Amino acid sequence: MTDDARPRVLSITSVTAVSTIDGGDTLAAEVSGPDGGTVFLLIPLGAAGALITQLTDAAERGAQERRLHSQGPRPVPEA
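Residues numbered from 1 in each chain as written. Predicted model: local features only at pLDDT ≥ 70, side-chain atom pairs only at ≥ 80, totals over all residues. Heavy atoms only, no water.

1. Digging into the sheet that holds strand 1 (residues 14-21)
With antiparallel pairing, the three strands of this open sheet are ordered in space as 1-2-3. Edge positions in the sheet fall to strand 1 and strand 3 (38-44), since each of these pairs with one other strand and no more. Taken over all neighbouring pairs, the strand axes of this sheet differ in orientation by 20 degrees on average, direction set aside. Of the strand pairs in this sheet, strand 2 (residues 26-32) and strand 3 are connected by seven bridges, and their pairing is antiparallel. Bridging from a neighbouring strand, Val31 pairs with Val39 of strand 3. (Pairing = 2+ DSSP bridges. Helix = DSSP H or I, 4+ residues; strand = E, 2+ residues; numbered from the N terminus. Axes fitted to C-alpha atoms, helices over the stretch in contact; angles between N-to-C directions.)

2. Here's the deal with the side chain of Thr26
Mapped onto the elements of the fold, Thr26 is located in strand 2. Judged by its relative accessible area of 10%, Thr26 falls in the buried class. With residues up to four places along the chain from it excluded, the contact list for Thr26 reads Ser19, Thr20, Ile21, Leu42, Ile43, Pro44 and Leu45. (Buried < 20%, exposed > 50% of the residue type's maximum accessible area, 1.4 Å probe, protein only. Contact = heavy atoms within 4.5 Å.)

Okay, structure coming up:
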C-alpha cells in the first residue's frame, strides 16, 4: 500500500483458489481478472470473517433488489 489517496479498484472474474498461510492465520485467495491476470489477496483471518459477513449481507440485498426490479414498477396508490 502507498500513501496515495486515490482508491484502487480490482475487478475479478473468478476465484481460482483459497488456501491458508502463516500457520492458518492468513487466507491467500487467488483471483483472476478480466484481462486473465492473477492476483493474490492476503487476508488476515479476522478480516476474512468480517468480509464474509459483509459479502453475504450485500449479496442478500442485491438478490432482494433484483427480485423487486424483476416485478416491474409498482402501481401508485390513488389518493
